[in-house]
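# Tertiary structure, described
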Amino acid sequence: MAFSSVTEFFAMGGYGFYVWLSYGVTAAALLALVWHGRMVRKQLHQAAQQQAQRQQRLARRQQQQQENR
Amino acid sequence: MIPRRKKRLAMVLSLVVGVGIAMTFILLALSKNVDLFYTPSQMLEGEHKPQVGQRLRVGGMVVEGSVKRDANTLEVEFLVTDTGPTVKVLYQGILPDLFREGQGIVAQGVLQEGNVVKATEVLAKHDEEYMPPELAEAMKGIKHVNPNSNEAYTKPPSGGN
Amino acid sequence: MWRWLHPYAKGEASYHLLGRWLPWLTASALLVLLIGIGWGLVFAPPDYQQGDSYRIIFIHVPSAMLSMGTYTGMAIAALVALVWQIRTAEWSIAAIAPVGAVLTFISLLTGAAWGKPMWGTWWEWDARMTSQLILLFLYLGVLALYHAFSDNRTGAKAASILALVGVVNIPIIHFSVYWWNSLHQGATITKFAKPSMPPEMYIPLFVCIFGFMLMTAAFITQRLRHEILRQELHRPWVQQLLVGAKVKEQ
């Protein structure tokens, strides 16, 4: 191990700010990518649901038209 | 391959090759401007010599034993070289942590008479080599000292860096 | 390879195939990254000049390498999309671009955070950094073009052309440090030479690179699946998948 204590590990030999900034921003950017993927998935669900409802309405209307005739 | 595809492939590839050639010409024409800095050789012997009073960047190796630092202020002077000629850099301020004799640096400042650059900024370049401190000391005899610490460069040069 | 991914009647098959890979890719990416980053941060020795600040390398180099690798992949997909007009290839452009943009952003940011303590500056308009910034704009441009048209295929075509033309930037990024005087140093690891590092540093670095590869593959797989769903939203199999059995009754 390159460090003898946890404090020393977080200090990173005086470069703690820069090292943890890098790792922090990387983690944040990757999490944002994961989060965005989830959002896309949710939107797809909504879009599919809307389309299904539209089709249902359309089918019902056609049925009614046929019955009226 | 279907002739239609062949035609598309030829069109697309020629587009890429065309852009590539155009970029090559642009970069060749700009090559002097893409360089971040002058090397001392380019400054003193090159085709486009800078004028006295011009703002420029000079990049090269810090000459061993040339660093003189005032113990009380942050004033520092050192020589920079690449393959032959040297340029003197005067600077007042915090040096980057990588600064060391034998290290590559880039100094930005104004060129003055007698190949002196009065720098407003000194950046350190580093090479692509990485090694643990013990190995570096054993292999190269280099022990890195933070250039802004009090023991750096204020002792006589015989004490090493 | 594209032939069996090819037919757009088989969007469903590709979707499920990619779905089978995804959990394995995600799990192995997390595992390998955890090992690599932990090794690099805790166990690798410090550098003789840079001390512990060089530990940024364990994310900087993998993200920079993969930002260029994914761009090359995207350019190949663009070529296939333009010449063979395979829809899966078009969709993979949309799947790759956001992932590549994030990787490029990470490489630029970690580079800045590393440059400040070592070189003495966050940013310098040197050839390497400028060309890497252009790479970020290329990714964003491809992404914007892809979604800029109401007709998907027109957008895909425009994005493909930009992606393909932008590929000339890749050799410029790689060779910029050799062609011009720059602040950035040369490559530490290349395919052809021994790395300028001892094994206790380059082994964790290689583990990190491999971890980033797996992670990138997982992200792209996930996004390609979403793009397949988005493009085939009107098809019964997608309706059934996303809405459930309700549609089936109709």
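Details of the structure are given in the entry above.
Before going into details, it helps to say that this report is about the structure given with it. (Residues numbered from 1 in each chain as written. Chains lettered and ligands numbered in written order. Predicted model: local features only at pLDDT ≥ 70, side-chain atom pairs only at ≥ 80, totals over all residues. Heavy atoms only, no water.)

### A short note on the overall build of chain B
Helix and strand content of chain B: 3 helices and 6 strands. Restricting the contact set of chain B to residue pairs at least 6 apart, pairs at least 24 apart contribute 52%. When the accessible surface of chain B is totalled, it reaches about 9,000 Å², and 56% of it is carbon and sulfur. (Helix = DSSP H or I, 4+ residues; strand = E, 2+ residues; numbered from the N terminus. Contact = heavy atoms within 4.5 Å. Areas by Shrake-Rupley, 256 points an atom, 1.4 Å probe, with all protein chains shown as cover.)

### What to know about the packing of aromatic side chains
Counted by the stated rule, this structure contains 17 aromatic pairs over all chains. Ring geometry for Y130(B) against Y54(C): centres 6.0 Å apart, planes inclined by 35°, an arrangement best described as tilted. Taken together, the positions of Y130(B) in the loop between β6 (116-124) and α3 (133-140) and Y54(C) in the loop between α2 (11-43) and α3 (57-83) put the pair across two chains. Grouping residues by exposure puts Y130(B) and Y54(C) together as buried. With a centroid separation of 5.4 Å and an interplanar angle of 80°, the aromatic rings of W123(C) and W125(C) are classed as edge-to-face. Note on W125(C): relative accessible area 58%, which makes it exposed. Counting every residue linked through ring pairs, the aromatic cluster contains F3(A), F9(A), F10(A), W20(A) and Y23(A). Lying over the aromatic face of Y15(C), R225(C) brings its terminal NZ or CZ to 4.1 Å of the ring centre. (Phe/Tyr/Trp six-rings, centres within 6.5 Å; stacked < 30°, edge-to-face > 60°. Buried < 20%, exposed > 50% of the residue type's maximum accessible area, 1.4 Å probe, protein only. Lys NZ or Arg CZ within 6 Å of the ring centre and 35° of its normal.)

### With respect to the nonpolar core
In terms of nonpolar packing, the biggest core is built from 105 residues, with Y54(C), I57(C), Y71(C) and M74(C) touching the most fellow members. A domain-level breakdown of this core finds at least three residues from each of domain 1 (1-34) and domain 2 (37-142) of chain B. Those residues within four positions of M74(C) in sequence are excluded, and the remaining contacts are I93(C), I96(C), A97(C), Y139(C), V142(C) and A163(C). Of all hydrophobic cores here, the second largest spans 19 residues; its members include V62(B), V76(B), Y91(B) and A119(B). (Core = buried A, V, L, I, M, F, W, Y, C linked by side-chain atoms within 4.5 Å. Domains from an automatic or database assignment.)

### Considerations on the interface of chain C and chain A
Listed per partner, the contact involves 43 residues of chain C and 34 residues of chain A. For the pair chain C and chain A, the summed buried area comes to about 3,400 Å², and 72% of that belongs to carbon and sulfur atoms. Ranking the residues of chain C by area buried against chain A places L41(C), H226(C) and L242(C) at the top, with a combined share of 16%. Counting across the chain C and chain A interface gives 0 salt bridges. Scanning the region where chain C abuts chain A turns up 7 residue pairs in polar contact (both at pLDDT 80 or more). The set of elements that each furnish at least two residues to the side of chain C that touches chain A consists of α2, α3, α4 (87-118), α8 (199-231), α9 (236-243) and α10 (246-249) of chain C. A total of 11 residues in the side of chain C that touches chain A trace back to one element, the largest contributor, which is α4(C). Along the lines of polarity and charge, the residues of the side of chain C that touches chain A split into 28 nonpolar, 8 polar and 7 charged. (Buried area = accessible area lost by both parts, 1.4 Å probe. Salt bridge = Lys/Arg side-chain N within 4 Å of Asp/Glu carboxyl O. Polar contact = N/O pair within 3.5 Å; in protein donor to acceptor, adjacent residues only side chain to side chain. Nonpolar A, V, L, I, M, F, W, Y, C, P; charged D, E, K, R; others polar.)

### Looking at the interface of chain C and chain B
Residue-level contacts link 43 residues of chain C with 43 residues of chain B. In total, chain C and chain B occlude about 3,700 Å² of area from one another, counting both sides; carbon and sulfur atoms represent 63% of this. Of all residues in chain C, Y48(C), Q49(C) and N181(C) give up the largest surface area on contact with chain B, accounting jointly for 22% of the area buried on that side. Taking the shortest distance from any N to any O, the salt bridge between R57(B) and E124(C) comes out at 2.5 Å. There are 10 residue pairs in polar contact (both at pLDDT 80 or more) connecting chain C and chain B. Those elements that provide at least two residues to the side of chain C that touches chain B are α3, α4, α6 (152-165) and α8 of chain C. At 4 residues, the largest contribution of residues to the side of chain C that touches chain B is made by α3(C).

### Details of the environment of I96(C)
Residue and element names in this part refer to chain C. By the element assignment, I96 lies in helix α4. Given a relative accessible area of 9%, I96 falls into the buried group. In the structure, I96 is positioned 130 residues away from H226 in sequence and 12 Å away in space, judged by C-alpha atoms.

### What about α2(C)?
If you check α2(C), its first and last C-alpha atoms are 45 Å apart, about what 33 residues at 1.5 Å a residue would give, namely 48 Å. The largest bend in α2(C) is about 30°, located at W21(C), with the proline P23(C) one to four residues further on. (Expected span 1.5 Å × (residues − 1). Bend = angle between axes of the 7 residues up to and from the residue.)

### What about the side chain of S67(C)?
Within the element layout of this structure, S67(C) appears in helix α3. Beyond its immediate sequence surroundings of up to four residues, S67(C) is in contact with G100(C), L103(C), T104(C), Q132(C), L135(C) and Y139(C).

### Structural notes on the environment of G51(C)
Structurally, G51(C) is set in the loop between α2 and α3. Spatially, the C-alpha atoms of G51(C) and M118(C) are 9.9 Å apart, while their sequence positions differ by 67 residues.

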